[in-house]
Amino acid sequence: MCSSDLFLAQQQALGKKTAKIPRLKAAAADGKYDEWGNAPVLTVCMEGSRTAQVQIGWDDANLYARFQVADESPFLNTPTDQRLLFKSGDSVEINIATDMSRRQARGQNKQEMKPGDVRIIMARTADGRLVATRYRYATADREKPNAFSVETASSGKDTVDDVVPWNDLPMNAKVEKDGYVLEAAIPWSELSVTPKPGLAMLGDVGVIYGNEGGNKNAIRYMWADKSPEVSINNDIPSEIRIHPNQWGTWVLE
């Protein structure tokens, strides 16, 4: 058993979902399937007509994600504030953490955030534009011009250190009447990661289903994070939070 296999076996023994992330050849977020043949399929949900599966791959330049989602009102989002992209309809997300240590947690599964904790949410507007928002939960920067705070009486206040639109993220979407496929290429340089075989990180992917009008989130599913908080859809602080303790382990092949 090679070292990465041993590491993944140890993670599985701890109850973590695991995945080997293959290096892709001639990869691009172009909607073509040629490069995805050997990438494992991560199942996000299988509930009636709602199914969602994701493949993850990499090369020296990018981390790639391919979402294949069955949805009766596919991939419609009507944001009025792009920082709240998770509230305004259909979207998909990819979560990465480079710090793999276990996080301190308190009430409502509110976990300690560390530099390198990133959430990227991608969506499609009513006029067909692909948009994305990047959330960096903790930064070492003294100035935080893009900090974003949300608060409710029941959940208190949460602040994300850096929330910005990322609409030039390379993305490609094919939308049909009963589902969609989205591909994205996320530059390693924007994640402050130097990729190499054997590199391990925490990772998770998810899908948010919106209502038929595409102006409100209805339910969220994640590949690894099955904590009760994932199903909350009426409390913004709970919905903006991430839970690295519940994410899976990814190892680059």
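Check the entry above for the structure.
Notes on the structure in this doc start here. Position labels on residues start from 1 in each chain and follow its written sequence. Predicted model: local features are reported for residues with pLDDT of at least 70 only, side-chain atom pairs are reported and counted for 80 or more only, and whole-chain, interface and lining totals are derived from all residues. To get the side-chain values, take all heavy atoms of the structure and skip hydrogens and water.

## Observations regarding the pairing of strand S4 (residues 62-70)
Burial analysis of S4 places eight of its nine residues in the buried class, the great majority of the element. For two strands to pair, DSSP has to find at least two bridges joining them. Segments assigned H or I by DSSP are reported as helices when at least four residues long, segments assigned E as strands when at least two residues long, and all are numbered from the N terminus. When strand S3 (residues 50-58) meets S4, the two strands line up antiparallel, connected through eight bridges. The residue of S4 that forms the bridge with Gly57 is Tyr64. Linking two consecutive strands that pair antiparallel, namely S3 and S4, is a turn of three residues. In the sheet, S4 pairs with strand S14 (residues 179-187) via nine bridges, with the strands oriented antiparallel. Looking across to S14, one finds that Leu63 is bridged to Ile186. Only protein chains enter the calculation, and the probe is 1.4 Å; a residue is then buried if its accessible area is under 20% of its type maximum, exposed if over 50%, and partly exposed in between.

## Points about the environment of Ile186
Within the element layout of this structure, Ile186 appears in strand S14. What makes Ile186 buried here is its relative accessible area of 1%. It is 23 Å that separates the C-alpha atoms of Ile186 and Thr78, two residues lying 108 residues apart in sequence. When checking whether two residues touch, look at their non-hydrogen atoms; a contact exists if any pair is within 4.5 Å. Setting aside chain neighbours within four positions, we find Ile186 in contact with Ala61, Asn62, Leu63, Ile94, Ile120, Trp166, Leu169 and Leu191.

## As for the sheet that holds strand S2 (residues 41-47)
Pairing in this open sheet of five strands is antiparallel, and the strands run S2-S3-S4-S14-S13 from one edge to the other. With partners counted over all chains shown, the strands left at the sheet margins are S2 and strand S13 (171-176), one partner each. Strand after strand, the sheet turns through a mean of 10° between neighbouring axes, direction not considered. As defined by bridge partners, S13 adjoins S14 across six bridges and the pair is classed as antiparallel. Looking at the pairing, Ala173 lines up with Leu182 of S14. Axes here refer to lines fitted to C-alpha atoms; in helices the fit is confined to the stretch in contact. Angles between the N-to-C directions go from 0 to 180 degrees.

## Some thoughts on the nonpolar core
If you look at the biggest cluster of nonpolar residues, it comprises 40 residues, and the most contacted ones within it are Ile56, Phe67, Ile94, Met122, Val205 and Trp250. In plain words, nonpolar cores are sets of buried Ala, Val, Leu, Ile, Met, Phe, Trp, Tyr and Cys residues tied together by side-chain atoms within 4.5 Å. In terms of nonpolar packing, the next biggest core, distinct from the first, is built from 18 residues, Leu84, Val163, Ile240 and Ile242 among them.

## Here we look at unusual backbone geometry
Phi at Gln108 is positive, roughly 65°, even though this residue is not glycine. Inspection of the secondary structure assignment puts Gln108 in the loop between strand S6 (105-106) and strand S7 (110-111). We classify Gln108 as partly exposed; its relative accessible area is 38%. Although it is not a glycine, Asn109 adopts a positive phi angle of roughly 60°.

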